[in-house]
2 protein chains.
Amino acid sequence: MGTIRNISDLAVMAGVSPGTVSRALADSPLISAKTRERIQAIAREHDFRPNAVARNLRTQRTGAIGVVIPLGHETGQHISDPFFMTMLGLLADSLTERGYDLLLSRIIPSDPQWLSRMASSGRVDGLIIIGQSDQAATLDAVAARYRPLVVWGGHVEGQVHCSVGSDNRLGGEIATAHLIARGARRIAFFGDPRAREIAQRLEGCRAAMAAAGLSHALQLFPTHLVADTSHADIVRFLGEQGKDGIDGIVAASDVIASSALRAMVSLSLHAPDDIRVIGYDDLPIARQTLPRLSTIRQELTAGADALVDLLFRRIGGEDCASFVMPPKLIVRHST
Amino acid sequence: MGTIRNISDLAVMAGVSPGTVSRALADSPLISAKTRERIQAIAREHDFRPNAVARNLRTQRTGAIGVVIPLGHETGQHISDPFFMTMLGLLADSLTERGYDLLLSRIIPSDPQWLSRMASSGRVDGLIIIGQSDQAATLDAVAARYRPLVVWGGHVEGQVHCSVGSDNRLGGEIATAHLIARGARRIAFFGDPRAREIAQRLEGCRAAMAAAGLSHALQLFPTHLVADTSHADIVRFLGEQGKDGIDGIVAASDVIASSALRAMVSLSLHAPDDIRVIGYDDLPIARQTLPRLSTIRQELTAGADALVDLLFRRIGGEDCASFVMPPKLIVRHST
DNA sequence: CAGGCCGTTGCAATCGTTTGTCAATGTCTT
DNA sequence: AAGACATTGACAAACGATTGCAACGGCCTG
């Protein structure tokens, strides 16, 4: 009748001590089957469940993993970005499978303490960061002291934090080489290299251009990731091109490439005839653009699994290295 | 040097009592500016932050909102579904703005206790459920006792739980009427009516057919939401149509509509000439199909804001009604 | 100069669990 | 029949903060 508020109420009701109730509810072998069943019956009947916060405090673990999206270089960008969403969904599936919940934080790291605040709050058992943004140094600093931390993004020599991601440099190189093979000569790279992954893709792009003797013909257009504003920017950029304008676009992401394709439509430019366009990620949207987008595939499902796997290894005390996945060229109709 | 583990360590270090430290860190006016500054300086220097779990236990609030996606009728469906993802991103943005975190759970409610487990775990200050699935009864039962709970989905007379969503019946009616106006006579409804929203859309669809004297010409095809399997199913369904087959599809969601369009391509059927197709939701993907998808727009941004707003009103003790938004016909090129 | 008041700080209870220790009970062996 | 031994469950100490209340000192005022 009276609602059961805590384990002591239930103990009174069952005529035992709180400790016994706790053990009974946890199926401890120290409690006889008879009392255990009796206590569990009462709990079931009153729909009682022990308070998780108190348990967390006592046991020092929470059953939750924090997923953080730092938006250092893109204050306007929303979590709703398709890449984040896709990654987030995959992580949620993978963590749920292991019985963990997922605590989501979107953070604009103006405060340099953003990461250690999450790490030392005791609210999560581990942290997954999606994208290094321009915070690689902060990540390294925290990773040095806080073990259960893995990052989606690029890997560089000597990096402290454990990362999972594709070989961005190679991916950028493959993308650019493909564009050149398709006849592009004057190429623009669309993307903001303040994010490490993107800087690496640009690096690969430069390498491919150099290898073809086209170094002079590469333009960099650091467009924003926010779809709404980028569209107008891209239209302006393309409009400013003279008659010897660019004939190829290496986009740092499918989202950017898709914006570029739409901008081209409004300028009556046609892909691939006028400008060849290639994206990066191979998100579902790459199959829905018009024309369908050639891109560099990152295996996000494998990536999410790797992130979760490495994280739990680190929680378990293991010390494991970064994981770099091979990028793969997907040719569709935009190149 | 010695790491500070808790407020007492810091108290010893500062030569004060733990209580004073707690107040100082919380900027309590009871503490003199001098001691407060001294204590905060030590905390900053050692990068110390009070344990959130302990605070939650004491204050009985967590600063987190649970977002749950019940997949009652679709065990295969993943969180990665574009609708969920979009909604989730919007909620995350809106909650972050209010300083709350978001605890994500994907749940397959085989266990009827799924909801009250979340509600009574004490881990969240409130609950947002995305979609009633086939769990409307469970939702009503829990909502009767647990106040801070709001649901995205359909509203029916006498419903206990507080919901936010578009007028699904009207939306279905508008969509169907539009198809009829465009010349469709033999219409199929694609969607699984076990979910309440979808049942309401179907009801509207039936009403519009009846109003046009076409009741006999409505087919129901309860396709799954999972994109991968639905495609083959839809191809089969369309293939089984004779020469007097359907000439209109009312899809219960944009995702389904987009699958239908792809299935039509592989059967050399053309929209809108052979079959007119209309979706529901107006997700970003509706603008990226070929041809672009006519659909019924739900203002998801407004919806997410309303969900969060109502939730906090309920947390504050207010008792507020469901919120039904008007659906809006968006005509593109598929009808 | 004494009494009262105010601004600061310390004390200790509390939130709801988990879990190590230990007493009490009952069973089995010799 | 008595001691060894296993069960069983009670007791109480954590976990790490918050917060009402009491106490303390200094200052002002009459």
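Residues numbered from 1 in each chain as written. Chains lettered and ligands numbered in written order. Predicted model: local features only at pLDDT ≥ 70, side-chain atom pairs only at ≥ 80, totals over all residues. Heavy atoms only, no water.

1. A look at the overall build of chain A
For chain A, the helix and strand inventory stands at 12 helices and 12 strands. Dimensions along the principal axes, computed over C-alpha positions, put chain A at roughly 90 × 40 × 35 Å. The buried share of chain A, reckoned over its 335 residues, is 56%. Excluding contacts between residues fewer than 6 apart, the proportion of contacts in chain A whose partners are at least 24 apart in sequence is 70%. A total accessible area of about 14,100 Å² is found for chain A, and carbon and sulfur atoms account for 53% of it. Counting 35 positive and 35 negative side-chain charges, chain A places the averaged centre of each group 5 Å from the other. (Helix = DSSP H or I, 4+ residues; strand = E, 2+ residues; numbered from the N terminus. Buried < 20%, exposed > 50% of the residue type's maximum accessible area, 1.4 Å probe, protein only. Contact = heavy atoms within 4.5 Å. Areas by Shrake-Rupley, 256 points an atom, 1.4 Å probe, with all protein chains shown as cover. Lys, Arg positive; Asp, Glu negative; His and termini not counted. Charge placed at Lys NZ, Arg CZ, Asp CG, Glu CD.)

2. A short note on the domain arrangement of chain A
The domain architecture assigned to chain A consists of domain 1 (7–50), domain 2 (64–167 + 300–327) and domain 3 (168–297). For domain 1 of chain A versus domain 2 of chain A, the separation of C-alpha centres amounts to 39 Å. (Domains from an automatic or database assignment.)

3. Examining the protein's contact with DNA strand D
Near DNA strand D, the surroundings consist of 24 residues, among which Ser 17 of chain A together with Asn 6, Ile 7, Ser 22 and Arg 58 of chain B are the closest. In DNA strand D, atoms within 4 Å of the protein come 63% from sugar and phosphate. Here a base nitrogen of DNA strand D sits 3.4 Å away from a polar atom, N or O, in the main chain of Ala 54 of chain B. At 3.0 Å from a phosphate oxygen of DNA strand D is found a side-chain nitrogen or oxygen belonging to Arg 55 of chain B. For the surface near DNA strand D, the secondary structure elements donating two or more residues are α2 (18–25) and α4 (52–59) of chain A together with α2 (18–25) and α4 (52–59) of chain B. No other element matches the five residues that α4 of chain B contributes to the surface near DNA strand D. Taken together, the residues of the surface near DNA strand D sort by class into eight nonpolar, 11 polar and five charged. (Near = heavy atom within 4 Å. Polar contact = N/O pair within 3.5 Å; in protein donor to acceptor, adjacent residues only side chain to side chain. Nonpolar A, V, L, I, M, F, W, Y, C, P; charged D, E, K, R; others polar.)

4. With respect to the pattern of salt bridges
As a working rule, side chains carrying opposite charge can pair if their charged atoms are close by. All names here are of chain A. Per the stated rule, a full pass over the model turns up 35 salt bridges over all chains. For the salt bridge of Asp 319 with Arg 147, the shortest nitrogen-to-oxygen distance reads 3.6 Å. Within this pair, whereas Asp 319 is found in the loop between α12 (300–315) and β11 (323–325), its partner Arg 147 is found in the loop between α7 (136–145) and β4 (149–152), the two being separated by 172 residues in sequence. A relative accessible area of 29% places Arg 147 in the partly exposed class. When salt bridges that share partners are traced, they join Arg 98, Asp 309, Arg 313 and Glu 318 into one network. (Salt bridge = Lys/Arg side-chain N within 4 Å of Asp/Glu carboxyl O.)

5. Some thoughts on the packing of helix α1 (residues 7–14) of chain A against helix α3 (residues 33–45) of chain A
Residues and elements named next belong to chain A. Where α1 meets α3, the closest approach of the two axes is 10 Å, and the angle between their N-to-C directions is 120 degrees. What the angle tells us is that α1 and α3 run oblique. Helix-helix and strand crossings are classified by hand; for α1 and α3 the assignment is right-handed. Contacts between α1 and α3 pair Leu 10, Met 13 and Ala 14 from the former with Arg 38, Ile 39, Ile 42 and Ala 43 from the latter. In terms of residue class, the contact of α1 with α3 is made up of six nonpolar, no polar and one charged. (Axes fitted to C-alpha atoms, helices over the stretch in contact; angles between N-to-C directions. Parallel < 35°, antiparallel > 145°, perpendicular 65-115°, else oblique. Left-handed = near helix turned anticlockwise from the far one by under 90°.)

6. Some remarks on the interface of chain A and chain B
Across the boundary between the two partners, chain A contributes 41 residues, which contact 41 residues of chain B. Around 3,600 Å² of area is buried between chain A and chain B when both sides are counted, 51% of it from carbon and sulfur atoms. When the buried surface of chain A facing chain B is broken down by residue, Arg 49, Val 53 and Gln 288 of chain A rank first, second and third, together holding 17% of it. Along the contact surface separating chain A from chain B lie four salt bridges. The partner of Asp 47 of chain B in a salt bridge is Arg 145 of chain A, and the shortest N-O contact between them spans 3.6 Å. One can count 13 residue pairs in polar contact (both at pLDDT 80 or more) joining chain A with chain B. Contributions of two or more residues to the side of chain A that touches chain B are made by α4, α5 (82–97), β2 (101–107), α6 (114–119) and α11 (254–266) of chain A. When residues in the side of chain A that touches chain B are grouped by element, the largest group, eight residues, is from α5 of chain A. (Buried area = accessible area lost by both parts, 1.4 Å probe.)

7. Remarks on the environment of Glu 45 of chain B
All names here are of chain B. The residue Glu 45 is located in helix α3 (residues 33–45) in this model. On the basis of relative accessibility, which here comes to 64%, the residue Glu 45 falls in the exposed class. Distance in space between the C-alpha atoms of Glu 45 and His 216 is 76 Å, their sequence separation being 171 residues.

8. Brief notes about the relation of the copies chain A and chain B
For these two chains of identical sequence, chain A goes onto chain B by a turn of 180 degrees and a shift of 0.1 Å along the axis, with RMSD 0.1 Å. As the rotation angle and translation indicate, the two copies are arranged about a two-fold axis. Judged by C-alpha distance, Leu 103 of chain A is the residue of chain A that lies nearest the rotation axis, at 2.3 Å. Counting the interface residues of chain A, we find that 100% of their copies in chain B are interface residues as well, pointing to one common contact surface. (Least-squares fit on C-alpha atoms with pLDDT ≥ 70 in both.)

9. Overview of helix α12 (residues 300–315) of chain B
Residue and element names in this part refer to chain B. Along its 16 residues, α12 runs 22 Å from first to last C-alpha, staying within 8% of the 22 Å computed at 1.5 Å per residue. Turning to α12, its buried residues are Leu 300, Gly 303, Ala 304, Ala 306, Leu 307, Val 308, Leu 310, Leu 311, Phe 312 and Arg 314. Its buried side turned inward, α12 meets β1 (64–70), α5 (82–97), β3 (126–130), β4 (149–152), β5 (162–166) and β11 (323–325). Remark: Gly 317 follows α12 within two positions and exhibits a positive phi of approximately 100 degrees. (Expected span 1.5 Å × (residues − 1).)

10. Re the protein's contact with DNA strand C
Lining the immediate surroundings of DNA strand C are 24 residues, of which Ile 7, Ser 22, Arg 23 and Arg 58 of chain A together with Thr 20 of chain B lie closest. Within the side chain of Arg 23 of chain B, a nitrogen or oxygen atom sits 2.7 Å from a base oxygen of DNA strand C. For DNA strand C, a base oxygen lies 3.1 Å from a polar atom in the side chain of Arg 58 of chain B. Breaking the surface near DNA strand C down by element, the ones donating at least two residues are α2 and α4 of chain A together with α2 and α4 of chain B. It is α4 of chain A that provides the largest number of residues to the surface near DNA strand C, a total of four residues. Its residues placed into classes, the surface near DNA strand C shows eight nonpolar, 11 polar and five charged.

11. Focus on unusual backbone geometry
Looking along the chain, the bond that leaves Ala 271 of chain A and enters Pro 272 of chain A is cis, with omega of 5 degrees. Looking at where Pro 272 of chain A falls in the secondary structure, it is placed in the loop between α11 and β9 (276–281). Even without being a glycine, Asp 282 of chain A presents a positive backbone phi close to 60 degrees. One can find Asp 282 of chain A in the loop between β9 and β10 (294–297). Despite not being glycine, Asp 281 of chain B has its phi angle at roughly 125 degrees, a positive value. Relative to the assigned elements, Asp 281 of chain B resides in the loop between β9 (276–278) and β10 (295–297).

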